[in-house]
2 protein chains.
Amino acid sequence: MAVKALTESEIRDRIGIINGSRTDGWALVNAKLQRTFQFQDFVTAWGFMAQAAIVAEKLDHHPEWFNVYRTVRVDLTTHDAGGISVRDFELAAAMNLIAEPLLREES
Amino acid sequence: MAVKALTESEIRDRIGIINGSRTDGWALVNAKLQRTFQFQDFVTAWGFMAQAAIVAEKLDHHPEWFNVYRTVRVDLTTHDAGGISVRDFELAAAMNLIAEPLLREES
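What counts, and where the lines are drawn
Residues numbered from 1 in each chain as written. Chains lettered and ligands numbered in written order. Predicted model: local features only at pLDDT ≥ 70, side-chain atom pairs only at ≥ 80, totals over all residues. Heavy atoms only, no water. Helix = DSSP H or I, 4+ residues; strand = E, 2+ residues; numbered from the N terminus. Rg over C-alpha atoms; globule rule 2.2 N^0.38 Å. Buried < 20%, exposed > 50% of the residue type's maximum accessible area, 1.4 Å probe, protein only. Areas by Shrake-Rupley, 256 points an atom, 1.4 Å probe, with all protein chains shown as cover. Lys, Arg positive; Asp, Glu negative; His and termini not counted. Charge placed at Lys NZ, Arg CZ, Asp CG, Glu CD. Pairing = 2+ DSSP bridges. Core = buried A, V, L, I, M, F, W, Y, C linked by side-chain atoms within 4.5 Å. Contact = heavy atoms within 4.5 Å. Least-squares fit on C-alpha atoms with pLDDT ≥ 70 in both. Axes fitted to C-alpha atoms, helices over the stretch in contact; angles between N-to-C directions.

Caption draft 1: The overall build of chain A, seen in detail. Along the backbone of chain A there are three helices and four strands. If you list the helices and strands of chain A from N to C, you get α-β-β-α-β-β-α. Here the C-alpha radius of gyration of chain A, 13 Å, is about what a compact globule of 107 residues would show, namely 13 Å. Across its three principal directions, the C-alpha atoms of chain A cover 40 × 30 × 20 Å. When each of the 107 residues of chain A is scored for burial, the buried share is 46%. Accessible surface, chain A: about 5,600 Å² in total, of which carbon and sulfur atoms supply 52%. In chain A, 11 side chains carry a positive charge and 15 a negative one; their mean positions are 2 Å apart.

Here is the structure:
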């Protein structure tokens, strides 16, 4: 049972929900669901990635992600669906939960 | 004591040495030392990254890297030197050693 791509309006609604009042959250960039995380340092960024990697493997849904030092940029899309699907929002929500306490350490 | 950027000719010499007979090894791409690793699956790619992350932190020299599923693309440069330095080749050599047994599993 293939997962369906969401429409742009569905995507924007869900982005609003997942971001809440956060202004630096997920955004629709080049037809992918993108968020850039800035952690305190490499070890913290890596801690985020290590947790997210296990969740991604468990969900069998993997991110495209780029890391340099304390920055992690994530791009989510569902190749099987030819677009952004609920699976991307599932992974995005999991990543938010993982990142939250790590980002808080920064302040 | 700042590390010095290598000249293009020094970089090409060192690339030749580090690659040996390998044709899919490191290359000079956009003024960075780049190699793309293709592992068997995400777990193997992640295993490579996890080992390389610890080495990078220990060397206090971090890669720019991109991962999607079983592919890891690494770009090395030394910001302090304004170019590619011996530190990039040190990390590149360490990454080769880490990747070797993981890539062999594929065949």
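Caption draft 2: Molecular detail of the pairing of strand S2 (residues 32–38) of chain B. All names here are of chain B. Judged from the three bridges that link them, strand S1 (residues 27–29) and S2 form a sheet pairing that is antiparallel. In the strand pairing of S2, Leu28 is matched with Leu33. Between S1 and S2, which pair antiparallel and follow one another directly, the connecting turn spans two residues, one of which, Asn30, has a positive phi of 50 degrees. By the bridge criterion, six bridges tie S2 to strand S4 (residues 71–76) in an arrangement that is antiparallel. When the sheet's bridge partners are listed, Thr36 is paired in S4 with Arg73.

Caption draft 3: Looking closely at the nonpolar core. A:Phe37, A:Phe48, A:Trp65, B:Phe37, B:Phe48 and B:Trp65 are the most contacted members of the largest nonpolar core, which totals 57 residues. If we skip the residues at most four places from it in the chain, B:Trp65 touches A:Trp46, A:Trp65, A:Phe66, A:Asn67, B:Phe48, B:Met49, B:Ala52, B:Ala53, B:Val72, B:Arg73, B:Val74 and B:Met95.

Caption draft 4: View of the relation of the copies chain B and chain A. Once turned by 180 degrees and shifted 0.0 Å along the axis, chain B lies on chain A with an RMSD of 0.0 Å. With respect to symmetry, the two chain copies, as superposed, fit the operation of a two-fold axis. No C-alpha of chain B lies nearer the rotation axis than that of B:Phe66, which sits 2.1 Å from it.

Caption draft 5: Fine view of the environment of B:Ala27. As for its placement among the helices and strands, B:Ala27 is situated in strand S1. When sequence neighbours within four positions are dropped, the list of residues in contact with B:Ala27 reads B:Ile15, B:Lys32, B:Leu33 and B:Gln34.

Caption draft 6: Region of interest: the sheet that holds strand S2 (residues 32–38) of chain A. Overall, antiparallel pairing links the eight strands, which are arranged S1(A)-S2(A)-S4(A)-S3(A)-S3(B)-S4(B)-S2(B)-S1(B) in an open sheet. Each of the sheet's edge strands pairs with one partner strand only, and the pair in question is strand S1 (27–29) of chain A together with S1 of chain B. In this sheet, adjacent strand axes meet at a mean angle of 25 degrees when their direction is disregarded. Lying on the sheet, helix H3 (residues 86–104) of chain B is in contact with S2, strand S3 (64–68) and S4 of chain B; it crosses S2(B) at an angle near 10 degrees.

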